[in-house]
Structure formats: C-alpha cells, structure tokens
Amino acid sequence: MANGILLAATIGWPTAARYASGFVAAGCTVDSLSPQHAPIRASRYARRHFDYSALSPISSLRSAIVQSRPDLIVACDDRAVTQLLELHRREKARRSGIAGLIERSLGDITAYTLVLSRQGSLDAMRAEGVRVPESVAVESLKALETALERIGLPAVLKADGSWGGEGVAVVRSREEAKSAYRRLAFPPPRWRSMARALRRKDAHFLHEAIAPKQRVLSLQKFIIGHPAASAFAAKDGAVVASLAYDVLVAQGTIGPPNVIRRVDCPQIANAAAKAAKRFGLSGMHGLDFIRDANGDVHLIEINPRAT
C-alpha cells in the first residue's frame, strides 16, 4: 500500500471525504486537491488541502503534486482523470518524475483513449467475452435513425465526457431520441454557458463558452433490470481488491446510488479482472451493470476513477 495519497477532485462530491477516511484507516496519509467548497475540506482525515482552480486546472494539479509528493494519486471524478492525462502529456515531454507517478496511479496511459470512449471501451469488453448490451456509435441524426432501426426502443443515448448520470438519456420514442441527441451532442449557446458559470459559480462553464466541443454519442440497447456495480483497485493490470453490489436506491433513474447491498457475483468479478487486464489499469476504478430478471449482469459503463 502506498503511504502518501493525493485525492484529486474537481467537483464537490462527498465521496472524496469517504475515500480519505478509508485510506487513513489503511495506514496512509492523505492530502487533497479540491474546490474550496468541497466537503473534504471539513474532513479530519486529510492532512493538507490544496486549492483546485477551474481557471488554471493543470497548474493547480501540478502544484498540489509538487507540494504533496504523494506515492499515489486517486482521481475522484472523471474530469480529474482527463486532467491527469493532460498533465502526463506535458510532463512526459519534460521527462519529469510526475509522469511516472501518473502512470503508477492510472496504469497504461495509452489505453485511456479507449477507456474514455463509451462505445470503444464496451466494444473491447465484448471482445473479451463480457456480456455487454448492443450499442452503436451515432455521429448524426441520420446515423441515429439507422441505429434506432437496429437497436429498437426503448434505448439509452450516451455522451462521452459526461458523468454522474448527466449526458445520459433513456429514450422511448423517435421524437425523444432526436430531441435528446440535439441536447447531448451539441454544446449549449455561449450565452447559456456564461450564465451557468455565473449562476453556479463554476468557471468550468467558461471553458465551454470559450471552446465549445461537439460530443461523441452512442445508442445502447435498454436492458430491463436493476443497477449493479463493482468498485476495484488494480495494479499493473491485475485486480488486488474489489467489491460488488446491487443498487437498492439511486438518485433518479440513472443517478448515483444512495443505498447498496454487497453481493458475491462471479460475473462481476470476472468482468473487473478482464477490464483491469485489457486496459492495463492501476489505481481505483468502477464498473456499472444492469442485472436482468435471470440474475445475469450486463456491463453498461466503465468508470476510470474511484467509485
């Protein structure tokens, strides 16, 4: 077990505070990089707190790493993962020790282009023999029409680069699918992003206003059942610890879980082992499933971060 942990959080989710208590219980010291309003700022388990800046995220991340000098960085949200990958790209050119630390924390950096693609990651897991719902990439409204003919309704429309239930829409008609596609694929008007930045006091929306990007979408077959998931730790492509659970209560239909039940599930354990090996993962990650009426699980998403 690494002794020094840096928790990297760009969102004020309460989970980071829970991770801090868990790592301290395991004998580690914990520092955090987080927004000033984040719940982890009130945690007695974190030794030091470093300010995360949405205006200069890579600089604030690098500064926290230099000051904390951790043995392992744990990304607490998806945005933190992408920022670690960007910092790795910059630091590798400088041949600094930070690049090696990020590799030790995340695993095979070259695999993350695939890991961060909803469609690509599930295609890879399907090739590994894991049960995955049928899904199709959709680059246009015309492609969406073709995908609906193949997948059928209801279906799930998903956007890359989203998390926490956002960027996902369950559609039950062609009209719903087209509306959801327009909403998820295209960035909001610049004035709306500016308004969100002011209203929510979140400078990340300024980046959307300055450099809006069209998202990559995929359409996934809807599986009737209830959510299940796995959280696991890996090192060099091998799972070293894991837990599996069924979700009993969640925030909305597709939101994060509030109440879970631990389960022993060989199918989930097998999927976690194959994901870790296929992508050469290190650090903490999660898998989301739907458990059908027969008790079989269908992998619907890979979370490249602590869950």
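Read on for an overview of the structure. (Residues numbered from 1 in each chain as written. Predicted model: local features only at pLDDT ≥ 70, side-chain atom pairs only at ≥ 80, totals over all residues. Heavy atoms only, no water.)

Membership of the largest hydrophobic core comes to 47 residues, with the highest contact counts inside it found for Ile 65, Ile 102, Met 125, Phe 279, Leu 287, Phe 289 and Leu 299. Those residues in contact with Leu 287, other than ones at most four positions away along the chain, are Ala 228, Ala 229, Ser 230, Phe 232, Ala 271, Ala 272, Ala 275, Leu 299, Glu 301, Ile 302 and Asn 303. Judged by nonpolar contacts, the second largest core, of 18 residues, contains Val 136, Leu 144, Leu 148 and Ala 180. (Core = buried A, V, L, I, M, F, W, Y, C linked by side-chain atoms within 4.5 Å. Buried < 20%, exposed > 50% of the residue type's maximum accessible area, 1.4 Å probe, protein only. Contact = heavy atoms within 4.5 Å.)

Take helix H8 (residues 174–185) next. End to end, H8 covers 16 Å across 12 residues, agreeing with the expected 16 Å (1.5 Å per residue, within 8%). Ala 177, Ala 180, Tyr 181, Leu 184 and Ala 185 are the residues of H8 that are buried. Take H8 and look down its axis: the buried residues cluster within an arc of 105°, on one side only. Across from the buried face of H8, at angles greater than 90 degrees, the exposed residues are Glu 175 and Arg 183. As for H8, its buried residues are in contact with strand S5 (135–138), helix H7 (141–151), strand S6 (155–159), strand S7 (168–171) and strand S8 (217–221). (Helix = DSSP H or I, 4+ residues; strand = E, 2+ residues; numbered from the N terminus. Expected span 1.5 Å × (residues − 1). Arc of directions from axis to C-beta.)

Spatially, S3-S2-S1-S4 is the arrangement adopted by the 4 strands of the open sheet, whose pairing is parallel. The sheet terminates laterally at strand S3 (46–51) and strand S4 (72–75), the two strands that pair on one side only. If you compare each strand with its neighbour and ignore which way they point, the axes differ by 20° on average. Across 5 bridges, strand S1 (residues 4–8) lies against strand S2 (residues 29–34) in parallel orientation. Counted as the bridge partner of Ala 8 is Leu 33 from S2. Those strands touched by helix H1 (residues 15–25) are S1, S2 and S4, and its axis lies near 175° from that of S1. (Pairing = 2+ DSSP bridges. Axes fitted to C-alpha atoms, helices over the stretch in contact; angles between N-to-C directions.)

So, on to the sheet that holds strand S12 (residues 283–291). With antiparallel pairing, 5 strands are arranged side by side in an open sheet as S11-S10-S9-S12-S13. Edge positions in the sheet fall to strand S11 (257–263) and strand S13 (297–303), since each has one partner strand and no second. In this sheet, adjacent strand axes meet at a mean angle of 35° when their direction is disregarded. Pairing between strand S10 (residues 238–250) and S11: 6 bridges, direction antiparallel. Looking across to S11, one finds that Ala 250 is bridged to Pro 257. Here helix H11 (residues 266–279) sits on the sheet in contact with strand S9 (226–235), S10, S12 and S13, set at roughly 45° to S9.

With the rule as written, the count across this model stands at 19 salt bridges. For Arg 48, the salt bridge goes to Asp 31, with nearest N and O atoms at 3.0 Å. Separated by 17 residues along the polypeptide, Arg 48 in strand S3 and Asp 31 in strand S2 bring together distant segments of the chain. Of the residues examined, Arg 48 reaches a relative accessible area of 31% and is grouped as partly exposed. (Salt bridge = Lys/Arg side-chain N within 4 Å of Asp/Glu carboxyl O.)

All we've got here are geometric facts, nothing functional implied.
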